[in-house]
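If you want the building blocks of each chain, they are given just below.
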Amino acid sequence: ALLGRGGMGRAWLAEGVLLHLPVALKQATRSDPSGSWYPAATDRLLIEACAAATVHHTGVVTIYDVVTEDRRNWIVMEPLSGHTLAELIIAEGPLSIAQVTCIGLRLLDVLMAAHRAGILH
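These remarks concern the structure in this document. Treat the numbers as computed from the prediction; the structure is a model and nothing was measured.

### Things to note about the side chain of N73
Here is step 1: Note on placement: N73 falls in strand β5 (residues 72-77).
Here is step 2: A relative accessible area of 9% means that N73 is categorised as buried.
Here is step 3: In this structure N73 touches K26, A28, T42, L45, L46, V66, V67 and T68, once residues within four positions along its chain are discounted.

### A few points about the pairing of strand β4 (residues 63-69)
Here is step 1: As judged from the six bridges shared by β4 and β5, these two strands associate in the antiparallel manner. Within β5, the residue paired with V66 across the bridge is I75.
Here is step 2: The turn linking β4 back onto β5 is made up of two residues, and D70 within it adopts a positive phi angle of 50 degrees.

### Considerations on unusual backbone geometry
Here is step 1: In this structure, H20 takes a positive phi of about 55 degrees despite not being glycine.
Here is step 2: Take H20: its relative accessible area is 51%, and that puts it in the exposed class.

### Things to note about the side chain of K26
Here is step 1: Following the sequence through the fold, K26 ends up in strand β3 (residues 22-28).
Here is step 2: Within polar-contact distance, the side chain of K26 engages the side chain of E48 at 2.8 Å.
Here is step 3: Once residues within four sequence positions are removed from consideration, K26 is found in contact with R10, A11, L45, E48, N73, W74, I75 and M77.

### Let's talk about the nonpolar core
Here is step 1: Core analysis: the largest hydrophobic core is formed by eight residues, namely A24, A28, A41, L45, A49, I63, I75 and M77.
Here is step 2: At three residues, helix α1 (residues 39-54) tops the list of elements feeding residues into this core.
Here is step 3: Ignoring any residue separated from it by four or fewer positions in sequence, one finds I75 in contact with A24, L25, K26, L45, E48, A49, I63 and D65.
Here is step 4: With five residues, the next largest nonpolar core counts V60, V110, A113 and A114 among its residues.

### Remarks on the sheet that holds β4
Here is step 1: Ordered in space as β1-β2-β3-β5-β4, the five strands form an open sheet in which the pairing is antiparallel. Each end of this open sheet is capped by a strand with a single partner; those strands are β1 (2-5) and β4. Strand-to-strand twist across the sheet, computed as the mean angle between neighbouring axes with direction ignored, equals 25 degrees.
Here is step 2: Two strands pair when backbone bridges link them, and β1 and strand β2 (residues 9-15) are joined in this way by three bridges, in the antiparallel orientation. Directly across from R5, in β2, lies its bridge partner R10.

About the thresholds
- Residues numbered from 1 in each chain as written.
- Predicted model: local features only at pLDDT ≥ 70, side-chain atom pairs only at ≥ 80, totals over all residues.
- Heavy atoms only, no water.
- Helix = DSSP H or I, 4+ residues; strand = E, 2+ residues; numbered from the N terminus.
- Buried < 20%, exposed > 50% of the residue type's maximum accessible area, 1.4 Å probe, protein only.
- Contact = heavy atoms within 4.5 Å.
- Pairing = 2+ DSSP bridges.
- Polar contact = N/O pair within 3.5 Å; in protein donor to acceptor, adjacent residues only side chain to side chain.
- Core = buried A, V, L, I, M, F, W, Y, C linked by side-chain atoms within 4.5 Å.
- Axes fitted to C-alpha atoms, helices over the stretch in contact; angles between N-to-C directions.

In structure tokens form, the structure reads like this:
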């Protein structure tokens, strides 16, 4: 099942073959202006997976593996549930200052963990 999509790829809900546990698969889908597959996108996906795997924080998704099929990399990661910030605002209206402050501090904590791991975001 499709979980979401962004500028560089899509995330799918799947089931692991051996343990039959739910996983999320991120697929690079970037193409060049002609619509052809953009090979560098799969390389960037591998860099993203390696970077995320080095950050140990509850606010960072756990990376289980990277698999390659037809020269394309897929990130195998922990599936997460929830809603985007945009969905929350549409459903509940503007956030309070306290909610925004809490979100900002949580993001700052994650960014600091990434910085400690040598990653600049």
